[in-house]
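Summary of the model geometry
Here are the chains, one letter per residue:
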Amino acid sequence: GAIAIKTFANFEQAMLKVKAVSGATAGEFKTLTDNAKKLGSTTMFTASQVADLQFELAKLGFKPKEIKAATGNILALAQATSTDLAESGRIAAVALKGFNLEATESGRITDIMALASSEAAMDMEKFGAALPKVAATARISGDSFELMTAKLQVLADSGMEGARMGTQLKIMYSELAVKGLTWDEAMGK
């Protein structure tokens, strides 16, 4: 009984943090609470862990509706890649923000990340280190998240580490922009 009370108290505390940071209305807060309880009972994660993820997303500027839209997909990513839930949320949020995508695109983004992690020497740690350095530059250069990820996979397979991959790919995009070339034109030459 004491464990159940403590678990409930932890969940309630986590949800109050979500409410405070997200600025959720009473209705939005109820929706987020219900969502955390549902996902906590139907996934390998507890409702408190889901609430912690919602809190991380709120800290990253996600609005209540965006939090709800992204949470399930991020849970699937964390499970598929055996990555910490909050870290998976942070990485997915950087990808969404870097490519100026809506939270409704989180399923596509998290699916690509999970696939890349299973097909190459690319893992979530490398994604987490590379994305902040290169995501916005890739978007500005006209690459999709999929194309940028494929390029990162090649660099990861060559043994390059995450932060260096992001930096080197950003430099490549920048140099091509200065020369007025697209990626395909440069590869053709």
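Located above this text is the structure these notes cover.
Just so it is clear, the structure is predicted and the values come from calculations on it, not from any experiment.

**Some thoughts on the packing of aromatic side chains**
- Across all of its chains, the model carries 3 aromatic pairs by this definition.
- Aromatic pair Phe99 and Phe145: ring centres 5.5 Å apart, planes at 90°, arrangement edge-to-face. Of this pair, Phe99 sits in the loop between helix H5 (85-98) and helix H6 (106-119) while Phe145 sits in helix H8 (residues 145-157); the two residues are 46 residues apart in sequence, bridging distant segments of the chain.
- Residue classification places Phe99 among the buried residues on the basis of a relative accessible area of 8%.
- Residue classification places Phe145 among the buried residues on the basis of a relative accessible area of 1%.
- Judged by centre distance (6.4 Å) and plane angle (15°), the rings of Phe127 and Phe145 are stacked.

**With respect to the packing of helix H7 (residues 124-140) against helix H9 (residues 162-179)**
- Between H7 and H9, the least distance of the axes is 6 Å, while the angle of their chain directions is 15°. With respect to each other, H7 and H9 are oriented roughly parallel. When you trace H7 past H9, the crossing you get is right-handed. For the pair formed by H7 and H9, the contact residues are Lys126, Ala129, Ala130, Lys133, Val134, Thr137 and Ala138 on the first element and Gly162, Ala163, Met165, Gly166, Thr167, Leu169, Lys170, Tyr173 and Ser174 on the second.
- Of the residues belonging to the contact of H7 with H9, the class tally is 8 nonpolar, 5 polar and 3 charged.

**Observations regarding the nonpolar core**
- If you look at the biggest cluster of nonpolar residues, it comprises 58 residues, and the most contacted ones within it are Met113, Phe127, Leu131, Phe145 and Met148.
- Among all residues touching Met113, those that are not within four sequence positions of it are Leu77, Ile91, Ala92, Ala95, Met124, Phe127, Leu131 and Phe145.

**Details of the environment of Leu169**
- For Leu169, the location among the structural elements is in helix H9.
- Judged by relative accessible area, Leu169 falls into the buried class, the value being 1%.
- For the pair Leu169 and Ala130, spaced 39 residues apart in the sequence, the C-alpha separation amounts to 8.9 Å.
- Excluding residues within four positions of it along the chain, Leu169 makes contact with Val134, Met148, Lys151, Leu152, Leu155 and Trp183.

**Focus: the side chain of Asp143**
- With respect to the helices and strands, the residue Asp143 is situated in the loop between H7 and H8.
- A polar atom in the side chain of Asp143 sits 2.4 Å from the side chain of Lys151.
- If near-sequence neighbours (up to four positions away) are discounted, Asp143 is found in contact with Phe99, Ala138, Met148, Lys151 and Tyr173.

Cut-off values and rules
Residues numbered from 1 in each chain as written. Predicted model: local features only at pLDDT ≥ 70, side-chain atom pairs only at ≥ 80, totals over all residues. Heavy atoms only, no water. Phe/Tyr/Trp six-rings, centres within 6.5 Å; stacked < 30°, edge-to-face > 60°. Helix = DSSP H or I, 4+ residues; strand = E, 2+ residues; numbered from the N terminus. Buried < 20%, exposed > 50% of the residue type's maximum accessible area, 1.4 Å probe, protein only. Axes fitted to C-alpha atoms, helices over the stretch in contact; angles between N-to-C directions. Parallel < 35°, antiparallel > 145°, perpendicular 65-115°, else oblique. Left-handed = near helix turned anticlockwise from the far one by under 90°. Contact = heavy atoms within 4.5 Å. Nonpolar A, V, L, I, M, F, W, Y, C, P; charged D, E, K, R; others polar. Core = buried A, V, L, I, M, F, W, Y, C linked by side-chain atoms within 4.5 Å. Polar contact = N/O pair within 3.5 Å; in protein donor to acceptor, adjacent residues only side chain to side chain.

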